[in-house]
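Tertiary structure, described
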Amino acid sequence: MKCLSCFLVLFLSSGAGGFDLVIDDIPDEVENLIDLEMDGIPSASKARNGRYQRSTSDWGYVGDLVEDDDKIGLYSYKVQSTITSRLANTMIQAKMVNNAKRPQPIKFDVQVPKGAFIDNFTMDINGITFTSQIREKSEARKMYAQAKARGKAAGIVRSNALDMENFQTEVNVPPGMRIQFQLHYHEMIRRKLSSYEHVISVKPGRLAKHMEVDVRIIEPQGLRYVHVPNSLGDHFDGITTISKGEKKAHISFKPTMAQQRKCPKCSSTAVDGNFVVQYDVNRETTGGELEIFNGYFIHFFAPENLDPLPKNILFVIDVSGSMWGLKMKQTIEAMKAILSELRAADQFSLIDFNHNVRCWRDNLVSATPSQVEDAKKYIQTIHPNGGTNINEALLRATFILNEAKSLGMLDPNSVSMIVLVSDGDPTVGELKLTTIQKNVKQSIKDEFSLFCLGIGFDVDYDFLQRIATDNRGMAQRIFGNQETSLQMKNFYNQVSTPLLKKIQFNYPQESVSDVTQSSFHNYFGGSEIVVAGKVDTDNLQHLESVVTATAANAELVMETLRDVEELEGFMKKDKFADPDFTRKLWAYLTVNQMMAERNAAPTAALKRNITKSILQMSLDHHIVTPFTAMLIENAEKDEIMLADQPKDPRKGCCPGTLGLTPNAPNNNKGIPAWANVTAVPVSFMPEQRSPPVSSLSINRVDNDPHFIIHLPKSQKNICFNINSEPGKILNLVSDPGTGVVVNGQLVGAKKAENKKLNTYFGKIGFYFKKKGLKVEITTETITLKDGSYAITLRWADTGHIIRKQLLISVKRESNVTISVGEEMSFMVLLHRVWKKHPVNVDFLGIYIPPENLFSPAAHGLIGQFAAEPEVSIHHQTPGQPPERSQAIMEVKGNKFTVTRGVQKDYRTDRVLGTDVLCWFVHNSGKGFIDGHYRDYLVPHLYSFMKKP
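Residues numbered from 1 in each chain as written. Predicted model: local features only at pLDDT ≥ 70, side-chain atom pairs only at ≥ 80, totals over all residues. Heavy atoms only, no water.

Quick note on the threshold: UniProt positions are given in the numbering used here, feature names are shortened, and annotations may be inferred rather than shown by experiment.
Taking an unreviewed UniProt entry as the reference, the protein chain is identified by name as Inter-alpha-trypsin inhibitor heavy chain 2 belonging to Malurus cyaneus samueli. Note on the protein chain: under the UniProt heading Sequence similarities (unreviewed entry), the record states "Belongs to the ITIH family." UniProt annotates the protein chain under Subcellular location (unreviewed entry) with the comment "Secreted".

Structure, rendered in structure tokens:
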């Protein structure tokens, strides 16, 4: 019997960002309660060590649980959240039991708000508790390695903790066993559109015997109102109770099991969405409030009695092929509504881009009714197609704003901004994200702000967030669905009413230190600026008389100070209030500020110093950052998981990475044999047949892109090239019978050679419709998507992901294999080139064995050959040179000339490749493939094609 053979822990985001934890087995202590080897159906009566049979009587009677077909019961699902002066501490707990007669996975899946910090995660498996602690990354890795070397159970977690969206845990639980998950996180509640909004994801996934969401609000400033919209649906109308006092409120949502049901006889739950609490606080006329507690001060600043400033705004809209369909329709609808809200004093223009950049107007124009109407008509004519040239589009926008400023066309009191709307990575022009970020930063020069809207699940949100933060803006991910238009308008409303410009807060040095943020570019109506720092309580009277805020367009604004003794008395009397809220808020703001400063650091030395400060803050305040790791271990410290995170989310490991086990499996486990081949040399003999089936019998598309179709029955290799344009998407396999799609998107070389621009596959998409799974592979990442759930790996990883019997195996900087049981498999090969190469770019190759069990309906450039056609090659004549002989090919009723040649198989040698003899079909495979190659162009990475 093995000890915790795989703590497969994947903390992922949604580039998402978040945590994904998979445990393939259970600790020895728990495993000792049962006997998996003797009877097959374990029994708790076979406990070998009574000290681990701890009581779970607090669960009460569990016999009334409603189970799905999987026999998993959810005893309770509890959410407790307490907000103390905008700091929300949230706990989500689930107690579950496996009532099946076999071991099976139990999942704990929650959504964690972007920007939240996870404080703690614990698991209790039949009384054996796993807890967590924060360590410096190298120390944590050392402890993990030591545990692994001693043969103890060890697992690894990789995470992008500053932008979490998913926390998913999966544990393989034996029959009759109970498990409890508990997650704690904290976040600062941001004010948007004149309201604080606390959003808690409540998605238990099944009926719970006990269901509860409990929220408490404690605000020393006093509560102006509390509102709980019916965000979970009319099904729960009247169930939520609100109790509001002057400074406190209590919200409770406790549906019975009957109320949770979708219908009276349904066994599925209707609780599936966000529980939302909205509120605002009482404000002084100046809009400022200082709170001092336990040696820290928090300064909340939200004036609203000011007139909006005029704005100069450039909308930069992605109209590449991936925006086709609902995304573009919703974007157009939202932009028309946004344009209608422009004020007469505003100036604006539009830029739309794919592989080219197009301007509606070459300069800013006033938002007159006629100009706005003309802009709406222009947007209506947009048709998405082609690649994505983000770099040139943003530089064109910054040029227009910079030129307008230099020509004196901008009001000195106006605010300038760019709003970028995009759904993908760059595929044309400058492709390196760090270079794009540097170019935009140098062009903006801190003169205006950049706001980014990332549409869809596959957008590189991490990049958009970095480039926006780097340029005094913010980013938001918007999911491409029916609510896209509303989400876009809400985001725009947050940034469309600038009230103050270039704000500076002035605090007396005698009273404060370590102020987390003392200057801000702009303040927008309905939002709030929060400043925090340490305070010398002996100089409070001096602090009260000196604190001011200045702005480029406003007079000095005096601030007020809440009575310290009154605040302390109020906080200490409330048992639910977080007595540490000021310190946590200060740490939260400070770490985020330092991370932004580190990204913008001009020198390596400064970056190292900031890194040291972040590390110390992380350890002091129990925060997982790119420089710390979370150790999760049992009380005996012999079962360890490592919650790890890369220093740069764009490099190394990424959200949703891999699993490592103490007894590591063979690297080729689960990888089909054809993906592990040895090179077989071939020679140029005119009559020589293709190499043996065991080594090279495979369909492949590689390089520019060269297709090699292997015909097993006739033992022939047929080759052809496809010459298309960057951004175009070619269908390789379209099989409505099995519901499988494989498409490849082309990316162009950096420049043309001999008047020809070579194209390669820069992105390959797999869609397994019957499983609801999508896989996107680029030269940077490998992403698995299942609805709103996503896992992303980097090419720097070696590991695997398993989801719904689909296995993705990644070999570091080499290849990815995708296996669907025994039915089919695919390999994608990575080709790296010299970064400074004047012409070439990184690209992908794809290899598909003809043994894949596609249906008779399969088509596509490769899929159509699942049913091998009859091919006759005759009248072979010597060529020039002699080894390039020519012959006549007859296939599908067509007759044409083919040429003997050599293509490359790069599975064994990614640099030089292995020679493959083939007959080459000219004119993009005309006559050999059905129809014309243009018939195989599809609008989206996951589109089925229509037969030619």
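1. Things to note about the state of the cysteines
As a reminder, the rule being used: In this description, the term disulfide denotes a pair of cysteine sulfurs within 2.5 Å. Helix and strand labels come from DSSP, where a helix needs a run of H or I of at least four residues and a strand needs a run of E of at least two; each type is numbered from the N terminus.
Scanning the entire structure with this criterion turns up two disulfides. With a sulfur-sulfur separation of 1.7 Å, Cys263 is cross-linked through a disulfide to Cys266. Across the S-S bond of Cys263 and Cys266 the torsion is about 95°, and the bridge reads as right-handed. The side chain of Cys719 participates in a disulfide bridge whose partner is Cys918; the two sulfur atoms lie 1.9 Å from each other. Across the S-S bond of Cys719 and Cys918 the torsion is about -130°, and the bridge reads as left-handed. You can see Cys719 sitting in strand β37 (residues 716-721) and its partner Cys918 sitting in strand β52 (residues 914-921), a full 199 residues away along the chain.

2. A short note on the packing of aromatic side chains
Pairs of aromatic rings are described using the distance from one ring centre to the other and the angle between the two planes. Note the following rule: The pairing test for Phe, Tyr and Trp rings, Trp by its six-membered ring, is centres within 6.5 Å, and the orientation test on the planes gives stacked under 30 degrees, edge-to-face over 60, and tilted for anything in between. Per-residue accessibility, obtained with a 1.4 Å probe over protein chains only, is compared with the maximum for each type, and a residue is labelled buried under 20%, exposed over 50%, and partly exposed between these values. Lysine and arginine charges are scored as sitting over a ring when NZ or CZ, respectively, is within 6 Å of the ring centre and within 35 degrees of the ring normal.
This structure, assessed with the given rule, holds 20 aromatic pairs. With centroids separated by 5.9 Å and ring planes inclined at 25°, the aromatic side chains of Phe293 and Phe581 adopt a geometry described as stacked. Taken together, the residues Phe293 in strand β18 (residues 288-293) and Phe581 in helix α12 (residues 581-600) connect sequence positions 288 residues apart. On the accessibility criterion, Phe293 (2% relative accessible area) is buried. Grouped by ring-pair contacts, the aromatic residues Phe707, Phe720, Phe865 and Phe928 constitute a single cluster. Here the guanidinium or amino end of Arg86 rests over the ring plane of Phe300, the centre of that ring lying 3.7 Å away. Above the face of the Phe576 ring, Arg216 is positioned so that its terminal group lies 3.7 Å from the ring centre.

3. Structural notes on helix α5 (residues 369-380)
Basically, it comes down to this: Residue count minus one, scaled by 1.5 Å, sets the expected span of a helix. Taking the helix axis as origin, the arc is that swept by the directions to the C-beta atoms. Any pair of residues with heavy atoms lying within 4.5 Å of one another is described as a contacting pair.
The end-to-end C-alpha separation of α5 is 17 Å, in line with the 16 Å expected for 12 residues at 1.5 Å each. Within α5, the full set of buried residues consists of Val372, Ala375, Lys376, Tyr378 and Ile379. In an axial view of α5, the angular spread of the buried residues amounts to 160°, which keeps them on one side of the axis. Among the exposed residues of α5, those oriented more than 90 degrees off its buried face are Pro369, Ser370 and Lys377. Of the surrounding secondary structure, the elements contacted by the buried residues of α5 are α4 (326-340), β21 (347-353) and β22 (357-359).

4. Looking at the side chain of Thr388
With respect to the element layout, Thr388 can be found in the loop between α5 and α6 (390-406). Setting aside anything within four residues of it in sequence, one finds Thr388 in contact with Asp318, Ser320, Phe353, Asn354, His355, Asp425, Pro426, Thr427 and Val428.

5. Section: the packing of helix α7 (residues 433-444) against helix α8 (residues 461-469)
To keep things clear, this is the line we draw: Axis lines are fitted through C-alpha atoms, for helices just across the contact stretch, and the angle between N-to-C directions can take any value from 0 to 180 degrees. Any angle between 65 and 115 degrees counts as roughly perpendicular, while under 35 counts as roughly parallel, over 145 as roughly antiparallel, and the rest as oblique. Crossing chirality is assigned from the near helix's rotation relative to the far helix, an anticlockwise turn below a right angle marking it left-handed and a clockwise turn marking it right-handed. Amino acids are sorted into nonpolar (Ala, Val, Leu, Ile, Met, Phe, Trp, Tyr, Cys and Pro), charged (Asp, Glu, Lys and Arg) and polar (every other residue, Gly among them).
Contact geometry of α7 with α8 gives a least axis separation of 10 Å together with a crossing angle of 20°. The angle between α7 and α8 places the two elements in the roughly parallel class. As α7 runs across α8, the sense of the crossing is right-handed. Touching Leu433, Ile436, Gln437 and Val440 of α7 are Phe463, Arg466 and Ile467, all from α8. Each residue belonging to the contact of α7 with α8 can be placed in one class, and the counts come to five nonpolar, one polar and one charged.

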